[in-house]
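Listed below are the residues making up each chain.
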Amino acid sequence: NAGVTQTPKFQVLKTGQSMTLQCAQDMNHNSMYWYRQDPGMGLRLIYYSASEGTTDKGEVPNGYNVSRLNKREFSLRLESAAPSQTSVYFCASTKDRGETQYFGPGTRLLVL
Amino acid sequence: AQSVTQLDSQVPVFEEAPVELRCNYSSSVSVYLFWYVQYPNQGLQLLLKYLSGSTLVKGINGFEAEFNKSQTSFHLRKPSVHISDTAEYFCAVSVNDYKLSFGAGTTVTVRA
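> Is there a simple way to explain the overall build of chain B in this structure?
A count of helices and strands for chain B gives 0 helices and 12 strands. Whereas a compact globule of 112 residues would reach a radius of gyration of roughly 13 Å, chain B reaches 13 Å, a difference of no more than 12%. Considered along the principal axes of its C-alpha atoms, chain B spans approximately 45 × 30 × 20 Å. Scored against the burial criterion, the 112 residues of chain B give a buried share of 44%. For chain B, restricting intrachain contacts to residue pairs at least 6 apart in sequence, the fraction spanning at least 24 positions comes to 55%. Side-chain charges in chain B split into 8 positive and 9 negative, and the spacing between the mean points of these groups amounts to 6 Å.

Structure representation (structure tokens):
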């Protein structure tokens, strides 16, 4: 079992460029999440997908879009990157509400 | 909406000494509570969780936490720390929906 995998591990973008962060889980979990982690701010929820076919905004959705491609995969897209989006992005998944969330290793994104 | 406050941003501690990390939450309804640990350059992993039942919860690596409903707290303790416990620790709360709210984190540095 790989658990939750994320690609890429590290990316540098110029302001205005676009990119998609990929996430996949092999635990047959129903719900998936995207967070960003910034120093002193903990993790903040960007978007989540409670089940296949649904997506909802979290605390900081502006500038991002998501796609729940199937039960395994949940991607995060930055259409026009800004320096304020420099962060570490984590994907997570869980079987059901209230259950433990399992996290991927993260993607470090630097926007110049 | 629920919120989480971790009262200490940094906790230096000597090896084999006890440590306590403080977490308070605010919510008008019943909550699920979690402690996660993040080792350098890694994702988060679950230390322990409180869903219901006994208010003293034991987790991995010798950690335990006590849920205090009247004080809306969920403090994490370990009686004797090791160098390998150097990490960032996050308290999180869920109100039986699909989302977790995280505290800002506490960095524990264990010195020999």
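From this point, the discussion proceeds with the structure in view.
> Would you take a moment to explain the state of the cysteines for this structure?
Every disulfide links exactly two cysteines, by a covalent bond between their sulfur atoms. Residue and element names in this part refer to chain B. In total, this model carries 2 disulfides over all chains according to the counting rule given. Across the disulfide from Cys23 sits Cys91; the S-S distance is 2.0 Å. Between Cys23 and Cys91, the S-S dihedral sits near -70°, and the bridge is therefore left-handed. Of the two residues, Cys23 is situated in strand β4 (residues 23-26) and Cys91 in strand β10 (residues 87-94); the sequence distance between them amounts to 68 residues. Using a relative accessible area of 0% as the deciding quantity, one classes Cys91 as buried.

> Got a minute to help me understand the pattern of salt bridges in this structure?
Side chains bearing opposite charge may pair, as long as their charged atoms lie close to each other. Residues and elements named next belong to chain A. A full pass over the atoms with the stated rule returns 8 salt bridges over all chains. Between Asp38 and Arg36 there is a salt bridge, with its nearest N and O atoms 2.9 Å apart. As far as burial versus exposure is concerned, Asp38 and Arg36 are alike and both buried. Note that Arg77 and Glu79 form a salt bridge whose closest N and O atoms lie 3.2 Å from each other. On the accessibility criterion, Arg77 (29% relative accessible area) is partly exposed.

> Sorry, what's going on with the side chain of Ser93 of chain A here?
All names here are of chain A. Inspection of the secondary structure puts Ser93 in strand β9 (residues 87-94). Side chain to side chain, Ser93 and His29 meet in a polar contact 2.8 Å long. Discounting residues that sit within four places of it in the chain, Ser93 has contacts with Val4, Gln25, Met27, His29, Ser31, Met32, Tyr33, Thr100, Gln101 and Tyr102.

> Any chance you could explain the side chain of Ser87 of chain A here in plain terms?
All names here are of chain A. The topology assignment puts Ser87 in strand β9. Within the structure, the side chain of Ser87 is placed 2.9 Å from the backbone oxygen of Gln37, a separation counted as a polar contact. A polar contact of 2.9 Å, which involves the side chain of Ser87, links it to the side chain of Asp38.

Rules behind the numbers
- Residues numbered from 1 in each chain as written.
- Chains lettered and ligands numbered in written order.
- Predicted model: local features only at pLDDT ≥ 70, side-chain atom pairs only at ≥ 80, totals over all residues.
- Heavy atoms only, no water.
- Helix = DSSP H or I, 4+ residues; strand = E, 2+ residues; numbered from the N terminus.
- Rg over C-alpha atoms; globule rule 2.2 N^0.38 Å.
- Buried < 20%, exposed > 50% of the residue type's maximum accessible area, 1.4 Å probe, protein only.
- Contact = heavy atoms within 4.5 Å.
- Lys, Arg positive; Asp, Glu negative; His and termini not counted.
- Charge placed at Lys NZ, Arg CZ, Asp CG, Glu CD.
- Disulfide = S-S within 2.5 Å.
- Salt bridge = Lys/Arg side-chain N within 4 Å of Asp/Glu carboxyl O.
- Polar contact = N/O pair within 3.5 Å; in protein donor to acceptor, adjacent residues only side chain to side chain.

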